[in-house]
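Below are the chains, spelled out letter by letter.
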Amino acid sequence: MKTGVPWKAITIMAVMAISGLTALSAGADEVQSLRGVQVDEPVVMEPTARPKNERMQRAYRQQPPLVPHKVAPYQIDLKVNQCLNCHDWSNAGDHNAPTLSMTHYTDRDGKQTDAVAGNRWFCTQCHVPQVNAEPLVENEFKSSSER
Amino acid sequence: MNTKNEKPETAKKGNIIQRCWRFLRKPSATLSFGFLVGGGIIAGIIFWGGFNWTMEMTNTEEFCIGCHEMRENVYQEYKETVHYNNASGVRAVCSDCHVPKEWGHKMLRKIQASNEVLHKVLGSIDTPEKFEAKRLQLATNVWKAMKTTNSRECRNCHDMQSMDFVVQGTRAAKEHSKGFKEGKTCIDCHQGIAHSLPANAYKEYKTRITDVYHNKQ
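On a predicted model such as this, the values are computed, not experimentally measured, just so you know.

As for the overall build of chain A
In terms of regular secondary structure, chain A is built from three helices and zero strands. Ordered by position from the N terminus, the helices and strands of chain A form the series α-α-α. Here chain A, with 147 residues, has 5% of them falling under the buried criterion. If you take every contact in chain A between residues at least 6 apart in sequence, the share linking residues at least 24 apart comes to 36%.

Pasting the structure below:
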C-alpha cells in the first residue's frame, strides 16, 4: 500500500491543463458553430408557425388592399358588418387598424357621411384575404411596378 | 280489542295529506331496519340516477334542437361556425356554452329554463320573424350572463393561461394580451361567435353591457 504523492496523476493533469490553455488561446477564433454563424452573433429566427398579419404590397395601382388576416368568422350581412368593429374610423384607433379611406364615406350622390356608404358595405367584394398555398395553375402575372 | 277498533278510525281521520303525514311519522312495526336502510339506499340510487339522467338528457344537442325554434334559427347559424365544424372535429354543443358545468350554477340555470318552457307555450319566437324581432333581447341576455360570470362557460375549455401567443397570429396575439391586461372577458370582443348578431351589435353591446357594467364599478 503506497501512500506517497501521486506524481503520475499530477503530471498528467498538468500536461492536460497546459495543452488545453494553449489550444484555447490559439484557436479561440476558429471555433465553428453548427448554426453557420458565430456563437456570439445574434440571430433573429422567423417564427414559422405564426401567421404574419402585415400589410401586403399592391400588385397594381388601383388594387384594393388585400386583407392580411382570416375573414371567415366575421359576419357581413344586411344587419351587421364586423369588419367595421376595427376598421371604421370611430374604432380604428383602439385596435391600431387601418381606417377605411374617405372614399368609403361618400355615398352615390357624392355626399360625405359619418357612417360607411351603402355601396361600400360589403368589404369582401373588393378586399380579399390570401391563402398561403401553391397556385392551382401556372401564373405569369407580374406586378406593374416590376415590369 | 280496543286497539283493533281504534285503528281504522284514526286512519280515516283527516284528508289525504294528513293521512300520508301520519303514515310517514309512524315508526315501522313490521319492516326490519336492514330492509329500510338497504331499500333506502337502492331507492336513492334509482332516484338520483334518474334525476341525473334527466339533467344530462336535457343537456344534449338532440334535446335542444327538438324544438323548431332552436333547430330552424340558432342551430342553422351555429352549423356554419368553428364550434360545430373545424379541423380537429372537437365540438362544443349548445349546453357547453349555455349551461354551467358546476352543479349549483347548473341547477339555477335549469330552474331559469322554466321561463323558456313558458315562452315555448306562449309561442314567443315560433316564427323566424318573431325570433328576429327578439334577437337583440335574447343576445343581450346571453351577453349579460357571460359578462357577469367572466365568461365562465367559455373558460370551461379556453384557458387564458394556456394560450400560446406565439402560435397565434400577430394580430390575435397583440389583441389578446392587450385585452387581458385591460381586464376584459371573452364576451367583450367575441360576440356572435356561434350565432348571427342582431343589427348594430357592436354599438348595442357597448351601450347595454360595457357602459352599464363599468358604471357599476
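Once you've had a look at it, read on.
Concerning the overall build of chain B
A tally of regular secondary structure across chain B gives twelve helices and zero strands. Put simply, chain B runs from its N terminus to its C terminus through helices and strands in the order α-α-α-α-α-α-α-α-α-α-α-α. Counting only C-alpha atoms, chain B reaches 90 × 40 × 40 Å along its principal axes. By sequence separation, contacts in chain B at least 24 residues apart represent 62% of the contacts at least 6 residues apart.

Remarks on the interface of chain A and chain B
At the interface, twelve residues of chain A touch 13 residues of chain B. Each residue belonging to the side of chain A that touches chain B can be placed in one class, and the counts come to five nonpolar, four polar and three charged.

Structural notes on helix H3 (residues 33–57) of chain B
Given a rise of 1.5 Å per residue, 25 residues ought to cover 36 Å, and the 35 Å separating the end C-alpha atoms of H3 of chain B matches this to within 8%. Counted residue by residue, H3 of chain B has zero buried out of 25 residues, so it is predominantly exposed.

With respect to the nonpolar core
Of all hydrophobic cores here, the largest spans eight residues; its members are Val80 of chain A together with Ala139, Trp143, Met146, Ile187, Leu197, Ala201 and Tyr205 of chain B. For this core, the elements supplying multiple residues, two or more each, are helix H8 (128–148) and helix H12 (201–216) of chain B. Top contributing element to this core by residue count: H8 of chain B, with three residues.

Side note on helix H10 (residues 170–181) of chain B
Side chains of residues three or four places apart in an α-helix project in the same direction, reflecting 3.6 residues per turn. Along its twelve residues, H10 of chain B runs 17 Å from first to last C-alpha, staying within 8% of the 16 Å computed at 1.5 Å per residue. Taken from the residues just after H10 of chain B, Gly183 of chain B is the one with a positive phi, measuring 75 degrees.

With respect to the environment of Ser143 of chain A
All names here are of chain A. Within the secondary structure, Ser143 sits in the segment after helix H3 (92–95). As for Ser143 and Ala59, which are separated by 84 residues in sequence, their C-alpha atoms are 4.5 Å apart. Not counting residues within four places of it along the chain, the set of residues in contact with Ser143 comprises Ala59 and Tyr60.

A few points about the environment of Asn85 of chain A
One can find Asn85 of chain A in helix H2 (residues 84–87). With ten residues separating them in the primary sequence, Asn85 of chain A and His95 of chain A have C-alpha atoms 9.0 Å apart. What Asn85 of chain A contacts, discounting residues up to four positions off in sequence, is Asn91 of chain A together with Tyr202 of chain B.

As for the confidence of the model for chain B
Per-residue confidence for chain B gives a mean pLDDT of 90, with 94% of residues at or over 70. The ipTM assigned to the predicted complex is 0.73, against a pTM of 0.75.

So, the confidence of the model for chain A
Looking at chain A, pLDDT values average 84 and 87% of them are 70 or higher. Across chain A, element-level confidence peaks in H2 of chain A with a mean pLDDT of 93 and bottoms out in helix H1 (residues 7–27) of chain A with 77.

As for unusual backbone geometry
Not every positive phi belongs to a glycine, and Ser151 of chain B is a case in point at roughly 50 degrees. Note that Ser151 of chain B resides in the loop between H8 and helix H9 (152–155).

Analysis parameters
- Residues numbered from 1 in each chain as written.
- Chains lettered and ligands numbered in written order.
- Predicted model: local features only at pLDDT ≥ 70, side-chain atom pairs only at ≥ 80, totals over all residues.
- Helix = DSSP H or I, 4+ residues; strand = E, 2+ residues; numbered from the N terminus.
- Buried ≥ 20, exposed ≤ 12 C-beta atoms within 10 Å, placed from the backbone.
- Contact = placed C-beta atoms within 7 Å.
- Nonpolar A, V, L, I, M, F, W, Y, C, P; charged D, E, K, R; others polar.
- Expected span 1.5 Å × (residues − 1).
- Core = buried A, V, L, I, M, F, W, Y, C linked by C-beta atoms within 7 Å.
- pLDDT = per-residue confidence, 0-100.

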